[in-house]
Amino acid sequence: MDIQLKRGMLEVCVLAALKSEDSYGYKIIKDVRPFVEISESTLYPILKRLEAAGFITVNTVQHNGRLRKYYHLTQSGSERIDIFIDEWQEIMNIYKFVTGEVGINDEE
Amino acid sequence: MTKNEFLKEVGKRFKSLDKNDRQKGIDYCCEIIDDMTEDGLSEEEAVASLGGADKFAESFLSELAQSKSDSVQVTPFKRRKFGAWEIVLLVLGSPLWLSLILAAAAILMSVYITIWSVVLSFAVTDLALALSGVAAIGYAIVCMVLLGGVNRMIFLIGAGLVLIGVSIFMYYFCKWLSIAAVKLSKGIFIKLKNSLKGKGLDR
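The structure reproduced in this document is the subject of the present report. (Residues numbered from 1 in each chain as written. Chains lettered and ligands numbered in written order. Predicted model: local features only at pLDDT ≥ 70, side-chain atom pairs only at ≥ 80, totals over all residues. Heavy atoms only, no water.)

## A word on a nonpolar patch on the surface
All names here are of chain B.
Then comes step 1: On the surface, a nonpolar cluster with roughly 880 Å² of combined accessible area is contributed by Tyr-139, Ile-141, Val-142, Met-144, Val-145, Leu-146, Leu-147, Val-150 and Ile-154.
Then comes step 2: Among the elements of the structure, helix H6 (94–147) and helix H7 (150–198) are those that each provide at least two residues to the nonpolar patch.
Then comes step 3: Counting residues per element, the nonpolar patch draws most heavily on H6, at 7 residues.
Then comes step 4: The topology assignment puts Ile-154 in helix H7.
Then comes step 5: Since its relative accessible area comes to 52%, Ile-154 is described here as exposed. (Patch = residues over 30% accessible without salt bridge, like charges linked within 9 Å, V, L, I, M, F, W, Y side chains within 5 Å. Areas by Shrake-Rupley, 256 points an atom, 1.4 Å probe, with all protein chains shown as cover. Salt bridge = Lys/Arg side-chain N within 4 Å of Asp/Glu carboxyl O. Helix = DSSP H or I, 4+ residues; strand = E, 2+ residues; numbered from the N terminus. Buried < 20%, exposed > 50% of the residue type's maximum accessible area, 1.4 Å probe, protein only.)

So this is what it looks like as structure tokens:
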């Protein structure tokens, strides 16, 4: 997959992994991995980007005698997921054009 | 490799990060390994699954750098428009700020000229040595042919060879000096550009 496209997809996938409940790094990787390739080294920068953009917040919680960071989806993050879902139709149109399902002169 | 060994190796490779980012990166690695071991993997298996300190750090730093680059693009620099009074004040104050700018430019120019005049003087000396060596050998041949002085000829050939030899050594020194001068000039220019960028004066 194109690297820029993959980066965008990974961000939305990470947000989606936080939609139902707050989660932590390793669990996010386990939840997202069946659908898209993600490594432990790439998750941290993604989380940092999402936090900087205001899509997630971070809380440090005591867990079995150590500290664990939990990530929480914000309202902005939820809206970002909605935007991705809305944009999907546009992506499908582009896909149909590229695969030839829709020709240049065809009317929708 | 144990967790602590892995964290130590990764910490070394995170040296390009500032202290805060470096610690956060190490804490993240530590947390991931702890979560993996809690999930049933041994410490060695957890560390091995991360692909080695080199590969992990390379990917981590590369993605982090890309994130920083993306965030810079997301917030474009906004050009400020000057109001009427600001323009009037700029014009009235021009004798002061213009002369300060010219003085700063003159100082910068003199720094560059100083750096390069040192390099040039060494280069000229090197050329002079080489030419003197060649001239000495030439004169030695003239001495032999016209004056028949063998001793003088041998001395002059010897001196000429020494001068040429010294000029060859000096050539490599001049080369190194000019590379250093280019790096220094470039460094001064970049430092100045960055400091002006920080003050928003690079329009």
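Back to the text.
## Side note on the interface of chain A and chain B
Then comes step 1: At the interface, 22 residues of chain A touch 20 residues of chain B.
Then comes step 2: Buried surface at the junction of chain A and chain B, summed over both partners, amounts to about 2,000 Å²; 51% is from carbon and sulfur atoms.
Then comes step 3: Among the residues chain A hides against chain B, the three largest losses belong to Tyr-26, Glu-40 and Tyr-44 of chain A. Together they make up 33% of the total.
Then comes step 4: Summed over the shared surface of chain A and chain B, the result is 6 salt bridges.
Then comes step 5: For Asp-35 of chain B, the salt bridge is made with Arg-68 of chain A, and the minimal N-O distance between the two is 2.8 Å.
Then comes step 6: Taken together, chain A and chain B are joined by 12 residue pairs in polar contact (both at pLDDT 80 or more).
Then comes step 7: Residue assignment for the side of chain A that touches chain B shows that the elements contributing at least two residues are helix H1 (3–17), helix H2 (25–32), helix H3 (40–52) and strand S3 (66–73) of chain A.
Then comes step 8: Partitioning the side of chain A that touches chain B into residue classes produces 7 nonpolar, 7 polar and 8 charged. (Contact = heavy atoms within 4.5 Å. Buried area = accessible area lost by both parts, 1.4 Å probe. Polar contact = N/O pair within 3.5 Å; in protein donor to acceptor, adjacent residues only side chain to side chain. Nonpolar A, V, L, I, M, F, W, Y, C, P; charged D, E, K, R; others polar.)

## What about unusual backbone geometry?
All names here are of chain A.
Then comes step 1: For Asn-64, which is not glycine, the phi torsion reads 50° and is therefore positive.
Then comes step 2: Secondary-structure assignment places Asn-64 in the loop between strand S2 (56–63) and S3.
Then comes step 3: On the basis of relative accessible area, Asn-64 is assigned to the exposed category, the value being 61%.

## Let's talk about the sheet that holds S2 of chain A
Residue and element names in this part refer to chain A.
Then comes step 1: Across the sheet, 3 strands lie side by side as S1-S3-S2; this open sheet has antiparallel pairing. Lying at the two open borders of the sheet, with one neighbouring strand each, are strand S1 (23–24) and S2.
Then comes step 2: The pairing of S2 with S3 spans 8 bridges and is antiparallel. The partner of Thr-57 across the bridge, within S3, is His-72. (Pairing = 2+ DSSP bridges.)

## What about the packing of aromatic side chains?
Residues and elements named next belong to chain B.
Then comes step 1: Taken as a whole and assessed by the stated rule, the structure comprises 11 aromatic pairs over all chains.
Then comes step 2: Aromatic pair Tyr-28 and Phe-60: ring centres 6.4 Å apart, planes at 45°, arrangement tilted. Note that Tyr-28 is positioned in helix H2 (residues 19–38) and Phe-60 in helix H4 (residues 53–74), a separation of 32 residues in sequence.
Then comes step 3: When its relative accessible area of 6% is taken as the criterion, Tyr-28 is described as buried.
Then comes step 4: Accessibility expressed as a relative area gives 0% for Phe-60, which makes it buried. (Phe/Tyr/Trp six-rings, centres within 6.5 Å; stacked < 30°, edge-to-face > 60°.)

## Concerning a negative patch on the surface
Then comes step 1: Taken together, the side chains of Glu-79, Asp-82, Asp-86, Glu-87 and Glu-90 of chain A define an acidic patch exposed on the protein surface.
Then comes step 2: Topologically, Glu-79 of chain A is positioned in helix H4 (residues 75–99). (Lys, Arg positive; Asp, Glu negative; His and termini not counted. Charge placed at Lys NZ, Arg CZ, Asp CG, Glu CD.)

## Focus: the packing of H2 of chain A against H2 of chain B
When two helices pack together, their arrangement is captured by the angle between the axes and the distance separating the axes.
Then comes step 1: Running from N to C, H2 of chain A and H2 of chain B point in directions that differ by 65°, and their axes come no closer than 8 Å. Taken as axis vectors, H2 of chain A and H2 of chain B run roughly perpendicular relative to one another. On the side of H2 of chain A, the interface is formed by Gly-25, Tyr-26 and Ile-29 of chain A, while H2 of chain B contributes Tyr-28, Glu-31, Ile-32, Asp-35 and Met-36 of chain B.
Then comes step 2: Considered class by class, the residues forming the contact of H2 of chain A with H2 of chain B number 5 nonpolar, 1 polar and 2 charged. (Axes fitted to C-alpha atoms, helices over the stretch in contact; angles between N-to-C directions. Parallel < 35°, antiparallel > 145°, perpendicular 65-115°, else oblique.)

## So, the pairing of S3 of chain A
All names here are of chain A.
Then comes step 1: With 2 bridges joining them, S1 and S3 adopt antiparallel strand pairing. Of the residues in S3, the one forming a bridge with Tyr-24 is Tyr-70.
Then comes step 2: Following S2, the chain reverses through 2 residues before pairing antiparallel with S3; Asn-64 in that reversal takes a positive phi of roughly 50°.

## Observations regarding the packing of helix H1 (residues 3–13) of chain B against H2 of chain B
All names here are of chain B.
Then comes step 1: Running from amino to carboxyl end, H1 crosses H2 at an angle of 155°, the nearest separation of the two axes being 10 Å. When the interaxial angle is binned, H1 and H2 end up roughly antiparallel. As H1 runs across H2, the sense of the crossing is right-handed. Together, Lys-3, Phe-6, Leu-7, Val-10 and Gly-11 of H1 and Arg-22, Ile-26, Cys-29, Cys-30, Ile-33 and Asp-34 of H2 make up the contact between the two elements.
Then comes step 2: Here the contact of H1 with H2 is built from residues that sort into 7 nonpolar, 1 polar and 3 charged. (Left-handed = near helix turned anticlockwise from the far one by under 90°.)

## Observations concerning the side chain of Lys-3 of chain B
All names here are of chain B.
Then comes step 1: Structurally, Lys-3 is set in helix H1.
Then comes step 2: Accessibility expressed as a relative area gives 14% for Lys-3, which makes it buried.
Then comes step 3: When sequence neighbours within four positions are dropped, the list of residues in contact with Lys-3 reads Cys-30, Ile-33, Asp-34, Glu-43 and Val-47.

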